[in-house]
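Structure at a glance
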Amino acid sequence: MSRLVIVANRVSDPRERGAAAGGLAVGLKDAVARRDALWFGWSGATAQQTATTPRIQRAGRTDYATIDLGEADYRHYYQGFSNAALWPVLHYRLGIARFAREDWVGYRRANAAFAAALAPLLRPDDTIWAHDFHLFLLAAELRALGCRQRIGFFLHVPFPPRQVFMGLPNAQAVLAALAACDAIGVQTEDDAENLRGALISAGEAAAALRVGAFPIGIDAAAFTTLATRRSGLKEVERLRNSLAGRVLAIGVDRLDYTKGLPQRIAGFGALLARFPRHRSRVTFLQVAPVSRGDVATYRALRRELDESVGRINGQHAEPDWAPIRYITRAVARPTLAGYMRLAQIGLVTPLRDGMNLVAKEYVAAQDPSDPGVLVLSRFAGAANELDGAVLVNPLDPDDIAEALDVALTMPAEERMARWQGMDAAVRSNTAAVWCRNFLAALEGEAEVAEAGQAGGRRRLAETATPPLS
Ligand code: ADQ
């Protein structure tokens, strides 16, 4: 089997990739266990200039090649174009996007630098799989260097309707670069339709045929084991005891403005104000470690949350009960799994989310004999699969309050029936299945092309039917 080359903005150190690790490494675990692999990306460190020669470490059958980013690339490629322009636009938030020519120049420069450092490491029959919006231009840069390998791209975040995406000043160039890929994956059919529409309007109709929906999953069995093992442990017992028999609702997110945290907090406040029977009976624990703390929008969000949590606690707390517990420190993943199992309500209300794996993890963490209720944003990709959740409009605190009331009063039989359907979905569409489906779309076609006429790879891929979702 040919080697799999995984390219991602950030590649974590192999020594930090234990059973408790999260992120892309978990999603791709199955694929890299079965073949030789090379991870390539940013080390997370900055230097004066972006490195041209990667540092390579080997662990088992996998090589890890990382480069440090130069200060200017960190500012313009990472903080600028990726986080301040693409991230909001892709999450439908044109109004808060910040565009600057030098950010676009930095983004192009960094994508070209990634390609230039990667190209010498490539073997002719490698399969290359690039991940996420930081690397929209990578495939085109590799092609410009003469790379003819299969290149796939997966977008982890949503793709908005064409009219929104075209608000990005460099939309046309991004779409043209994306057309250099042999397979393009997104999370949902809606995202796929949006991306196809954008590609067609950019004159890249052939590339639109290579777009498919591949909803990402989790390693459900491993997460259940983690949650079950942890549920009796010290930190989780401490939380259980501190609740004094009250219901626990939990939210677990990165502190990001797409996650709908102010509206969620307001929704919990509205529950207490509008449904007084729940006062003093439910505690909401929100874990939201600071991410991208050096970006102004994120600092403002943090201030807003500090204030609203303080206001609601001040208004409703009693000497022996504070309605909201809010933690901005990181909590270890195994402990979080134990907390999720303890919580009777999982509150997952992003304003937009490609998928949202926390929703799936909450389902996998539940006790089958007494499962909790998932309250889920209808604008998370996960809502397509988790139809047993109580779905809410995450922008509407009153809707969240009403959904919480439904969850808090739901009969055990209904809870069980809803959870069983969701659990079956989470267990059938795992991370391994996601990986296999995407790679089948990327490599299946290419293998047929190789068997056919020389140079047929791109042409055949262009005329193929869209990969299945
Ligand atoms: P994220 O926006 O990071 O990912 P999400 O899918 O919710 O969002 O979480 C990814 C992982 O991070 C999960 O395993 C989760 O447990 C972990 N995580 C989240 N908050 C955490 C916290 N407070 N502490 C510890 N761990 C935490 C992007 C897209 C998503 C998409 C994923 C995967 O934005 O829509 O689901 O990629 O494709």
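Residues numbered from 1 in each chain as written. Predicted model: local features only at pLDDT ≥ 70, side-chain atom pairs only at ≥ 80, totals over all residues. Heavy atoms only, no water.

A few points about the sheet that holds strand β10 (residues 282-287)
This is how it is decided: By the convention used here, strands pair only if DSSP detects at least 2 bridges between them. Numbering of helices and strands starts at the N terminus; helices are DSSP runs of H or I of at least 4 residues and strands are runs of E of at least 2. Fitting a line to C-alpha atoms yields each axis, with helices limited to the stretch in contact; the angle taken between N-to-C directions then spans 0 to 180 degrees. Between two residues, a contact is recorded if the distance between any of their heavy atoms is within 4.5 Å.
Reading across from one edge, β11-β10-β9-β12-β13-β14 is the order of the six strands in this open sheet, with parallel pairing throughout. Strands at the two margins of the open sheet, each flanked by one partner only, are β11 (324-327) and β14 (390-392). The average undirected angle you get between the axes of adjacent strands in this sheet is 20°. Looking at chain direction, strand β12 (residues 345-348) and strand β13 (residues 373-377) are connected through four bridges and run parallel. Bridge pairing links L347 to V375 in β13. Those strands touched by helix α14 (residues 333-342) are β9 (247-252) and β10, and its axis lies near 140° from that of β9.

Considerations on the packing of helix α15 (residues 357-365) against helix α17 (residues 412-428)
What counts, and what does not: Throughout this description, any angle smaller than 35 degrees is read as roughly parallel, any larger than 145 degrees as roughly antiparallel, any in the 65 to 115 degree range as roughly perpendicular, and the remainder as oblique. Two helices crossing with the near one rotated counterclockwise from the far one by less than a right angle form a left-handed crossing, whereas a clockwise rotation gives a right-handed crossing. Residues are grouped as follows: Ala, Val, Leu, Ile, Met, Phe, Trp, Tyr, Cys and Pro are nonpolar; Asp, Glu, Lys and Arg are charged; every other residue, Gly included, is polar.
Taken N-terminus to C-terminus, the directions of α15 and α17 make an angle of 115°; their axes are 9 Å apart at the nearest point. What the angle tells us is that α15 and α17 run roughly perpendicular. For the element pair α15 and α17, the recorded crossing hand is left-handed. Facing α15, whose interface residues are K360, V363 and A364, α17 presents W419, M422, D423, V426 and R427. Here the contact of α15 with α17 is composed, by residue class, of five nonpolar, no polar and three charged.

Quick word on the site of the ligand
Rules: Whether a residue is near a molecule or strand depends on its heavy atoms: if one lies within 4 Å, it is near. Here a polar contact is taken to be a pair of N or O atoms separated by no more than 3.5 Å, where protein atoms must pair a possible hydrogen donor with a possible acceptor and residues adjacent in sequence count only if both atoms sit in side chains. Note on areas: Shrake-Rupley with a 1.4 Å probe; residue coverage comes only from the protein chains shown.
Around the ligand lies a shell of 19 residues, among which H156, P289, D353, L357 and E361 are the nearest. A distance of 2.8 Å is found between an oxygen atom of the ligand and a backbone nitrogen or oxygen belonging to M355. With respect to the ligand, the side chain of E361 contributes an N or O atom lying 2.5 Å from an oxygen atom. If the ligand stood free it would expose 690 Å²; the protein chains cover 84% of that surface. Within the residue set of the shell around the ligand, elements represented by two or more residues are α14 and α15. Looking at the shell around the ligand element by element, the count peaks at three residues for α15. The residue inventory of the shell around the ligand, partitioned by class, reads nine nonpolar, four polar and six charged.

Some words on the sheet that holds strand β6 (residues 150-154)
If you walk across this open sheet you meet the eight strands as β3-β4-β2-β1-β5-β6-β7-β8, and the pairing is mixed. What marks the edges here is a single partner per strand, and that holds for β3 (55-59) and β8 (211-213). If you compare each strand with its neighbour and ignore which way they point, the axes differ by 25° on average. Bridge analysis of β6 against strand β7 (residues 183-186) gives three bridges, and the strand direction is parallel. The residue of β7 that forms the bridge with F153 is I184. Of the strands in this sheet, β1 (4-10), β2 (37-47) and β4 (62-70) touch helix α4 (residues 101-118), which is tilted by about 130° from β2.

Let's talk about the pairing of β12
Within a regular strand, the side chains alternate between the two sheet faces. The test is simple: In this scheme, a residue with accessible area under 20% of its type's maximum is buried, one over 50% is exposed, and one in between is partly exposed, where area comes from a 1.4 Å probe on protein chains only.
Taking every second residue as pointing to the same face, both faces of β12 are buried, with I345 and L347 on one and G346 and V348 on the other. Bridge count for β9 against β12 is two bridges, and the pairing is parallel. The residue of β12 that forms the bridge with A249 is I345.

Here's the deal with the packing of helix α12 (residues 261-274) against helix α13 (residues 296-316)
At their nearest, the axes of α12 and α13 sit 10 Å apart, and the two run at 10° to each other. Our classification of the angle between α12 and α13 gives roughly parallel. Two secondary-structure elements touch here, α12 through L261, P262, I265, A266, G269, L272 and A273 and α13 through L301, E304, L305, S308, V309, I312 and H316. Tallied by class, residues from the contact of α12 with α13 come to 10 nonpolar, three polar and one charged.

Everything listed is a geometric property; what it means functionally is a separate question.
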